[in-house]
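The chain contents come next:
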Amino acid sequence: QKEVEQNSGPLSVPEGAIASLNCTYSDRGSQSFFWYRQYSGKSPELIMSIYSNGDKEDGRFTAQLNKASQYVSLLIRDSQPSDSATYLCAVRGGGSGGSNYKLTFGKGTLLTVNP
Amino acid sequence: EAGVAQSPRYKIIEKRQSVAFWCNPISGHATLYWYQQILGQGPKLLIQFQNNGVVDDSQLPKDRFSAERLKGVDSTLKIQPAKLEDSAVYLCASTPGLANYNEQFFGPGTRLTVL
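Below, the structure is looked at part by part. (Residues numbered from 1 in each chain as written. Chains lettered and ligands numbered in written order. Predicted model: local features only at pLDDT ≥ 70, side-chain atom pairs only at ≥ 80, totals over all residues. Heavy atoms only, no water.)

In this section: the pairing of strand 11 (residues 109–114) of chain A. All names here are of chain A. Here strand 11 shows a clear split, with Thr 109, Leu 111 and Val 113 buried on one side and none of Leu 110, Thr 112 and Asn 114 buried on the other. Two strands pair when backbone bridges link them, and strand 2 (residues 11–14) and strand 11 are joined in this way by 4 bridges, in the parallel orientation. From the neighbouring strand, Leu 11 faces strand 11, where its bridge partner is Leu 111. As defined by bridge partners, strand 9 (residues 85–92) adjoins strand 11 across 3 bridges and the pair is classed as antiparallel. When the sheet's bridge partners are listed, Tyr 87 is paired in strand 11 with Thr 109. (Buried < 20%, exposed > 50% of the residue type's maximum accessible area, 1.4 Å probe, protein only. Helix = DSSP H or I, 4+ residues; strand = E, 2+ residues; numbered from the N terminus. Pairing = 2+ DSSP bridges.)

Pairing of side chains with opposite charge becomes possible as their charged atoms draw close. Inspection of the entire model under this criterion finds 6 salt bridges over all chains. Salt-bridge contacts for Arg37(A) lead to Glu45(A); the nearest nitrogen and oxygen are separated by 3.1 Å. A salt bridge links Lys102(A) to Asp56(B); the shortest N-O distance between them is 3.1 Å. Linking Lys102(A) in the loop between strand 9 and strand 10 (103–105) with Asp56(B) in strand 6 (residues 53–56), this pair reaches from one chain into another. (Salt bridge = Lys/Arg side-chain N within 4 Å of Asp/Glu carboxyl O.)

Right, let's get into the packing of aromatic side chains. Counted by the stated rule, this structure contains 10 aromatic pairs over all chains. Plain terms: the ring middles of Phe105(A) and Tyr35(B) are 5.7 Å apart, the flat faces sit at 85 degrees to each other, and that makes the pair edge-to-face. With one member in each of two chains, Phe105(A) in strand 10 and Tyr35(B) in strand 4 (residues 31–37) form a pair that bridges those chains. Taking the relative accessible area as the measure of exposure, Phe105(A) reaches 9% and is therefore buried. Members of the aromatic cluster, each reached through a chain of ring pairs, are Tyr36(A), Phe105(A), Tyr33(B), Tyr35(B) and Phe106(B). Across the ring face of Phe61(A), the terminal group of Arg60(A) is positioned such that the distance to the ring centre comes to 5.5 Å. (Phe/Tyr/Trp six-rings, centres within 6.5 Å; stacked < 30°, edge-to-face > 60°. Lys NZ or Arg CZ within 6 Å of the ring centre and 35° of its normal.)

Moving on to the side chain of Asp56(B). On the accessibility criterion, Asp56(B) (9% relative accessible area) is buried. Polar side-chain contacts of Asp56(B) include one of 3.1 Å to the side chain of Lys102(A). (Polar contact = N/O pair within 3.5 Å; in protein donor to acceptor, adjacent residues only side chain to side chain.)

Turning our eyes to something else, we now look at the environment of Ile79(B). Residues and elements named next belong to chain B. Looking at the element boundaries, Ile 79 is found in strand 8 (residues 75–79). Of the residues examined, Ile 79 reaches a relative accessible area of 0% and is grouped as buried. Those residues in contact with Ile 79 that lie beyond four places of it in its chain are Gln 17, Ser 18, Val 19, Phe 21, Arg 64, Phe 65, Asp 86, Tyr 90 and Leu 112. (Contact = heavy atoms within 4.5 Å.)

Let us now look at the environment of Leu88(A). Examined against the element boundaries, Leu88(A) turns out to sit in strand 9. Taking C-alpha positions, Leu88(A) is 12 Å from Val72(A), a pair spaced 16 residues apart along the chain.

Right, let's talk about empty space enclosed by the protein for a bit. Residue and element names in this part refer to chain A. One pass over the full model with this rule turns up 1 cavity of 30 Å³ or more. Space inside the largest cavity adds up to approximately 50 Å³. Along its surface, the largest cavity is lined by Lys 2, Glu 3, Val 4, Tyr 25, Ser 26, Asp 27, Ser 30, Val 91, Arg 92, Gly 93 and Thr 104. Here the residues of the lining of the largest cavity sort into 3 nonpolar, 4 polar and 4 charged. (1 Å grid on protein atoms, 1.4 Å probe; cavity = no way out; pocket = protein on both sides within 12 Å on 5 of 7 lines; lining within 4 Å. Points joined across faces, edges and corners; volume = space filled by probe spheres on them. Nonpolar A, V, L, I, M, F, W, Y, C, P; charged D, E, K, R; others polar.)

Take the nonpolar core next. All names here are of chain A. Formed by 23 residues in total, the largest nonpolar core has its most connected members in Trp 35, Val 72, Leu 74, Ile 76 and Tyr 87. Contributions of two or more residues to this core are made by strand 3 (19–25), strand 4 (32–38), strand 5 (45–50), strand 7 (61–66), strand 8 (71–76), strand 9 and strand 11. Not counting residues within four places of it along the chain, the set of residues in contact with Leu 74 comprises Ala 19, Ser 20, Leu 21, Trp 35, Ile 47, Met 48, Phe 61, Thr 62, Ala 63 and Tyr 87. (Core = buried A, V, L, I, M, F, W, Y, C linked by side-chain atoms within 4.5 Å.)

Residues and elements named next belong to chain A. Taken as a whole and assessed by the stated rule, the structure comprises 2 disulfides over all chains. With its sulfur 2.1 Å from that of its partner, Cys 23 forms a disulfide with Cys 89. As the torsion about the S-S bond is roughly -75 degrees, the Cys 23-Cys 89 disulfide counts as left-handed. Here the residue Cys 23 occupies a position in strand 3, and Cys 89 occupies one in strand 9, the gap between them amounting to 66 residues. For the pair formed by Cys 23 and Cys 89, the shared burial category is buried. (Disulfide = S-S within 2.5 Å.)

Here we come to the layout of surface pockets. Computed from the structure, the largest pocket encloses a volume of approximately 640 Å³. Around the largest pocket, the lining is made up of 31 residues, and of these Gln38(A), Gly41(A), Gln37(B), Leu39(B) and Gly40(B) lie nearest the centre. Broken down by element, the lining of the largest pocket gets its largest block of residues, 4 residues, from strand 11 (residues 110–114) of chain B. Residue composition of the lining of the largest pocket, by class: 12 nonpolar, 15 polar and 4 charged.

Interpretation note: all reported values are geometric properties and have no functional meaning in isolation.
Shown next, in the form of structure tokens:
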């Protein structure tokens, strides 16, 4: 059973601070890693994807991947109240077989940015 | 481009009753996913279709849940009979294909309450 673990939070940061969200995964064969944001009562939306070790930056968001440690993180710089949401880590396997391409989601971390 | 459509948006039923949800994916998307998201948890994949064939239904409770995508376009998920623990949001998502996609596009979801 492939598992994706996240701190459930809630994580509370002041406006303008850096929010750090962490995720670990159990399947060493995982190839693709995603961060989805989910506002209360809404469906998930993709904010970052990362496929190779290292950092990937997109605006205020930075995803970090360390496959050896089976760890992926998301940093949000200059946090805004509008960033308050649940952040879901999702992992996709690789190799042949259609079922290997399915996403496994963590439980999500609730982030609150206080004005 | 129209997004993933789902209906109904909300449904309240008594336990042991039946219920059906409908999903129409983004035009041209061959792969369709049904997820169950219980409050406070991440989405859990119930079933994955590629065109009109099932790729993965390993987490579908087959004694009460069924799903079909007969013409490879829209899909229906049914629960019969419903239990209290089926109360959740049922999300439908689609992608162009099984592999090499960056983002799963989610519909607005159907919130099911079983009393």
